[in-house]
Amino acid sequence: MTRTLPNIILTGTPGTGKTTHASLLAERTPLRHLSVNDVVKDKSCHEGYDDEYQSWIVDEDKLLDAIEEQVREGGWIIDWHACDLFPKSWIDLVVVLRAGTEVLYDRLSKRNYPEAKLQENLDSEIMDVLIQEARDSYDEEIVVELQSGDADELEANVERIEAWLEQWKKDNNN
Ligand code: DAT
């Protein structure tokens, strides 16, 4: 399958900055932001809402069916707090965003998450769950781990992904 633009997964524990990075990238590049959370809600790719945990119970097969046609065209920034469900053949780069515990605690506290959800997300970040999931699911050379603690890191990350995109275009479209 040939794509004229690549697909990038932007993953990380909630609060690490996926939406913020994806929005900036969508402004500055031809890539489009695919918020998986919005697809799950808007196209009902779920088996209901978990009130206690305050999140959707995702139906992954339905979700993949819902996005497959558009993702195959290329040019998407796929923003989600999981990455192992997307077929390898769809994906050109996996960016895992990271944040320190204190920074993440502050960001998540503002969201009024239930205590159990807040703690589970902090544990997930401390235990490297997403970077491990990315390394287990994709080739090592397409997985990149980037710190997202402050505005300087955000800017540096976006510039780095923009540079990667330019190189990808040269390598793939002549
Ligand atoms: P996510 O989509 O991963 O849940 P987000 O983009 O909504 O995260 O960011 C959560 C909050 O943290 C939001 O108020 C923006 C802020 N934030 C994220 N990354 C940041 C960074 N590198 N520098 C400054 N603020 C950041």
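Remember, it's a predicted structure, so these values are computed and weren't measured experimentally. (Residues numbered from 1 in each chain as written. Predicted model: local features only at pLDDT ≥ 70, side-chain atom pairs only at ≥ 80, totals over all residues.)

Undergrad: Looking at this model, I keep getting lost on the overall build of the chain. Mind explaining?
TA: In terms of helices and strands, the chain carries seven helices and seven strands. From first element to last, N terminus to C terminus, the chain shows the α and β order β-α-β-α-β-β-α-β-β-α-α-α-β-α. The C-alpha atoms of the chain give a radius of gyration of 16 Å, which matches the 16 Å a tight globule of 174 residues would have. Dimensions of the chain, computed from the C-alpha atoms along their principal axes, are close to 50 × 35 × 30 Å. Among the 174 residues that make up the chain, the fraction classed as buried is 29%. Partitioning the contacts of the chain with sequence separation of at least 6, the portion at a separation of at least 24 is 76%. (Helix = DSSP H or I, 4+ residues; strand = E, 2+ residues; numbered from the N terminus. Rg over C-alpha atoms; globule rule 2.2 N^0.38 Å. Buried ≥ 20, exposed ≤ 12 C-beta atoms within 10 Å, placed from the backbone. Contact = placed C-beta atoms within 7 Å.)

Undergrad: I'm lost on the sheet that holds strand 7 (residues 143–147) in this one. Help?
TA: Backbone-to-backbone hydrogen bonds pair the strands of a sheet. The strands run either parallel or antiparallel. Pairing in this open sheet of five strands is parallel, and the strands run 2-5-1-6-7 from one edge to the other. A single partner strand is all that each edge strand has here, and the edge strands are strand 2 (32–35) and strand 7. Taking the axes of each pair of neighbouring strands and ignoring which way they run, one obtains an average angle of 25° across the sheet. Pairing between strand 2 and strand 5 (residues 76–79): four bridges, direction parallel. Residue pairing across strands places Leu34 opposite Ile78, the latter belonging to strand 5. Together, strand 1 (8–11), strand 6 (93–98) and strand 7 form the strand contacts of helix 6 (residues 129–137), whose direction differs from that of strand 6 by roughly 165°. (Pairing = 2+ DSSP bridges. Axes fitted to C-alpha atoms, helices over the stretch in contact; angles between N-to-C directions.)

Undergrad: Help me out: how do you make sense of the pairing of strand 6 in this one?
TA: Moving residue by residue along a regular strand, the side chains alternate between the two faces of the sheet. Taking burial as the measure, the six residues of strand 6 include five buried ones, the bulk of the element. Relative to strand 6, strand 1 runs parallel, the two being bridged by four bridges. Residue Ile8 lies in a different strand from strand 6, and its bridge partner there is Leu93. Sheet topology places strand 6 next to strand 7; five bridges connect them, and they run parallel. Each bridged residue has a counterpart across the sheet, and for Arg98 the counterpart in strand 7 is Gln147.

Undergrad: Whenever I open this one, unusual backbone geometry confuses me. Can you help?
TA: In most cases, non-glycine residues show a negative phi, while peptide bonds are predominantly trans. Not every positive phi belongs to a glycine, and Gln54 is a case in point at roughly 50°. Even without being a glycine, Asp128 presents a positive backbone phi close to 60°. You can call Asp128 partly exposed: it has 15 C-beta atoms within 10 Å.

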